[in-house]
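Okay, here's what each chain looks like letter by letter:
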There are 2 protein chains.
Amino acid sequence: MTLTGPGRPRTRESTRPGATAREEILDAAAELFTTQGYATTSTRAVADAVGIRQSSLYHHFATKDDILEELLTGTVAEGLAFARAASAIGDGTVSPAARLHAVALFDGTQLCSGRWNIGVLYHLPEARGERFRSFLADRGELRGLYRRLGSAAVPAPLWHGDARHHGELAFRLVESLVSLRADGQVTPDSPLQVADAAMVLCGAGSTLGTIRADSLALIARLGRDVPDPVAGTH
Amino acid sequence: MTLTGPGRPRTRESTRPGATAREEILDAAAELFTTQGYATTSTRAVADAVGIRQSSLYHHFATKDDILEELLTGTVAEGLAFARAASAIGDGTVSPAARLHAVALFDGTQLCSGRWNIGVLYHLPEARGERFRSFLADRGELRGLYRRLGSAAVPAPLWHGDARHHGELAFRLVESLVSLRADGQVTPDSPLQVADAAMVLCGAGSTLGTIRADSLALIARLGRDVPDPVAGTH
């Protein structure tokens, strides 16, 4: 037996990824919520899946909602941090289109690469409402950053009267990766496809090669990485 | 008291839309599943919401899954019937782009106009698997028709190597209306926006005016109607 968190003994060795009991709880909960359902999964079932006692789980999370909130917030945390950083660069060396492409590519890669497709829980009635305001606020801020980058990329509306529309559609194309993944149809190329599609919607399809290069450079400059996306396309 | 279905008495007069007890059950279930959650809603709660006895509900639906299946199938039925009809027209008088625009506009209008946003239930773990193969097959056929229309509209790949990609993105943009609606951000303009966006992704943005007119003519020709979409745009 190994010791976890507040010193409670484990009932078995864990085989879950995660350096801490907290991370293992999140991984087990993500698996059960996305494959069995949120309402039907008890905290007891989560504890069993980790190999800890239910009382130990409560040292880390007071309620099942707390676990769900942390999982949901985790789906936007990296994308939001990146979008903030990409938006904050003020020296004029990166075009708004390249920033929007980089945000879509990085955010989409995050949605496709987690071990569990937690985004399928976004529209649970249980995940709406005041209890999840922190997640909803983060997701709202991320959507707002997409819209602002879209407006900056397309100062004069192209094919629609509202310039924020371009960034909004990019946000929704990226979130559609959740649905694509649930349908078992995500490929390594999928995040790049939605980032490229966002550019076409911004009227920048003819300079896609330059934008892609600038986007990858921005991702590297901000200390992030995406899996070799251009190699996967045609 | 009024008589419903197999002659069971109602416990109260219904205030729900629906000409038949079956339709009222579907309406009540759609409300409860989308606002309270699927797993947490019992058939007893659905019967109570209609004002019938649980035993009367079982005359119409043997299980809660049967209700969910009919609701899910209902979200794609009209769009699928329209897409089949639009695809079957063979006289060369309607361009593939106008067909794809019409399918997206009509299908998107359906997703936005039902009384309840049933599409939020698409990615429930409970709605996956063999039990729901009829719904999954219908949705898969609809996605395939989008892809084929996209390939016909863009015979040579534009900005991506796989020509089916254009139709696939149109399908996902239309389904993103489910998410937009859950976020309370759908406007009367939203279905037209996604249909137009699909055209831009197909490289047909410069002929949007013609395509819109042909799309609306096709919808009328197939005996359908959409609420005055062009009036809502700019």
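Residues numbered from 1 in each chain as written. Chains lettered and ligands numbered in written order. Predicted model: local features only at pLDDT ≥ 70, side-chain atom pairs only at ≥ 80, totals over all residues. Heavy atoms only, no water.

### Some remarks on the interface of chain B and chain A
Listed per partner, the contact involves 43 residues of chain B and 43 residues of chain A. For the pair chain B and chain A, the two sides together bury roughly 3,200 Å², of which 59% comes from carbon and sulfur. On the chain B side of the contact with chain A, His123, Trp159 and Arg172 of chain B bury the most area, a combined 19% of that side's loss. Arg139 of chain B is paired through a salt bridge with Asp183 of chain A; the nearest N and O atoms lie 2.8 Å apart. Here chain B is connected to chain A by 16 residue pairs in polar contact (both at pLDDT 80 or more). Only α1 (21-35), α6 (133-153), α7 (164-182), α8 (190-201) and α9 (208-221) of chain B provide two or more residues apiece to the side of chain B that touches chain A. A per-element tally of the side of chain B that touches chain A places α7 of chain B first, with 11 residues. Looking at the side of chain B that touches chain A residue by residue, the class counts come to 16 nonpolar, 15 polar and 12 charged. (Contact = heavy atoms within 4.5 Å. Buried area = accessible area lost by both parts, 1.4 Å probe. Salt bridge = Lys/Arg side-chain N within 4 Å of Asp/Glu carboxyl O. Polar contact = N/O pair within 3.5 Å; in protein donor to acceptor, adjacent residues only side chain to side chain. Helix = DSSP H or I, 4+ residues; strand = E, 2+ residues; numbered from the N terminus. Nonpolar A, V, L, I, M, F, W, Y, C, P; charged D, E, K, R; others polar.)

### Concerning the UniProt feature "DNA-binding region" (unreviewed entry) in chain A
The sites that carry the UniProt feature "DNA-binding region" (unreviewed entry) are, in the present numbering, residues 42-61 of chain A. Split by type, residues 42-61 of chain A is 75% helix and 0% strand. Its first and last C-alpha atoms lie 13 Å apart. (UniProt positions renumbered as here; feature names shortened; annotations may be inferred.)

### A word on the pattern of salt bridges
All names here are of chain B. Throughout the structure, instances matching the rule amount to 34 salt bridges over all chains. When the shortest N-O distance is used, the salt bridge between Arg131 and Glu69 registers 3.0 Å. In this pair, Arg131 sits in the loop between α5 (96-113) and α6 while Glu69 sits in helix α4 (residues 64-88), placing the two residues 62 residues apart along the sequence. On the basis of relative accessibility, which here comes to 29%, the residue Arg131 falls in the partly exposed class. According to the relative accessible area criterion, Glu69 is buried, its value standing at 17%. Of the charged contacts in the structure, one is a salt bridge between Glu175 and Arg139, with a shortest N-O distance of 2.6 Å. Taken together, the residues Glu175 in helix α7 and Arg139 in helix α6 connect sequence positions 36 residues apart. (Buried < 20%, exposed > 50% of the residue type's maximum accessible area, 1.4 Å probe, protein only.)

### Describing the relation of the copies chain B and chain A
With an axial shift of 0.0 Å and an RMSD of 0.0 Å, the rotation relating chain B to chain A amounts to 180°. In symmetry terms, the pair is related by a two-fold rotation axis. Residue by residue, 100% of the interface of chain B is reproduced at the interface of chain A, so both copies engage with the same surface. (Least-squares fit on C-alpha atoms with pLDDT ≥ 70 in both.)

### Structural notes on the packing of helix α7 (residues 164-182) of chain A against α7 of chain B
At a minimum axis separation of 9 Å, α7 of chain A and α7 of chain B run at an interaxial angle of 95°. When the axes of α7 of chain A and α7 of chain B are compared, the pair comes out roughly perpendicular. On the side of α7 of chain A, the interface is formed by Glu168, Leu169, Arg172, Leu173, Glu175, Ser176, Leu177, Ser179 and Leu180 of chain A, while α7 of chain B contributes Glu168, Leu169, Arg172, Leu173, Glu175, Ser176, Leu177, Ser179 and Leu180 of chain B. Among the residues forming the contact of α7 of chain A with α7 of chain B, the class breakdown is eight nonpolar, four polar and six charged. (Axes fitted to C-alpha atoms, helices over the stretch in contact; angles between N-to-C directions. Parallel < 35°, antiparallel > 145°, perpendicular 65-115°, else oblique.)

### Considerations on α6 of chain B
Over its 21 residues, α6 of chain B runs 30 Å from end to end, which matches the ideal 30 Å to within 8%, given 1.5 Å per residue. Those residues of α6 of chain B lying buried are Phe135, Asp138, Arg139, Leu142, Arg143, Gly144, Leu145, Tyr146, Arg147, Leu149 and Gly150 of chain B. Contact partners of the buried residues in α6 of chain B: α7 of chain A together with α4, α5 and α7 of chain B. (Expected span 1.5 Å × (residues − 1).)

### Some details on helix α2 (residues 43-50) of chain A
Residue and element names in this part refer to chain A. The set of residues buried in α2 consists of Thr43, Val46, Ala47, Ala49 and Val50. With its buried residues spanning 160° around the axis, α2 presents them on a single face. Of the surrounding secondary structure, the elements contacted by the buried residues of α2 are α1 (21-35), α3 (54-60) and α4 (64-88). Backbone geometry just after α2 places Gly51 at a positive phi near 90°. (Arc of directions from axis to C-beta.)

### Let's talk about the packing of aromatic side chains
This structure, assessed with the given rule, holds eight aromatic pairs over all chains. Between the aromatic rings of Tyr122 of chain A and Phe135 of chain A, the centroid separation amounts to 5.3 Å while the plane-to-plane angle is 35°, which identifies the pairing as tilted. Placement of the pair is Tyr122 of chain A in the loop between α5 (96-113) and α6 (133-153) and Phe135 of chain A in helix α6, with a sequence separation of 13 residues. Of the two residues examined, Tyr122 of chain A and Phe135 of chain A, each falls in the buried class. Measuring from centroid to centroid gives 5.4 Å for Tyr146 of chain A and Phe171 of chain A, while their planes differ by 70°, and the two rings are edge-to-face. Here Tyr146 of chain A is found in helix α6, whereas its partner Phe171 of chain A is found in helix α7, with 25 residues between them in sequence. The buried category is assigned to Phe171 of chain A, whose relative accessible area is 2%. We note Arg131 of chain A situated over the ring of Phe132 of chain A; from NZ or CZ to the ring centre the distance is 5.5 Å. Positioned above the aromatic ring of Tyr38 of chain B is the side chain of Lys64 of chain B, whose terminal nitrogen or guanidinium carbon lies 4.4 Å from the ring centre. (Phe/Tyr/Trp six-rings, centres within 6.5 Å; stacked < 30°, edge-to-face > 60°. Lys NZ or Arg CZ within 6 Å of the ring centre and 35° of its normal.)

### Observations regarding the packing of helix α8 (residues 190-201) of chain A against helix α9 (residues 208-221) of chain A
Residue and element names in this part refer to chain A. Close contact between α8 and α9 brings their axes to 11 Å; oriented N to C, the two are set at 125°. Viewed along their axes, α8 and α9 adopt a mutual orientation that is oblique. The crossing of α8 and α9 is right-handed. When α8 is examined against α9, the residues Leu192, Asp196 and Met199 are found in contact with a partner set consisting of Leu208, Ile211 and Arg212. (Left-handed = near helix turned anticlockwise from the far one by under 90°.)

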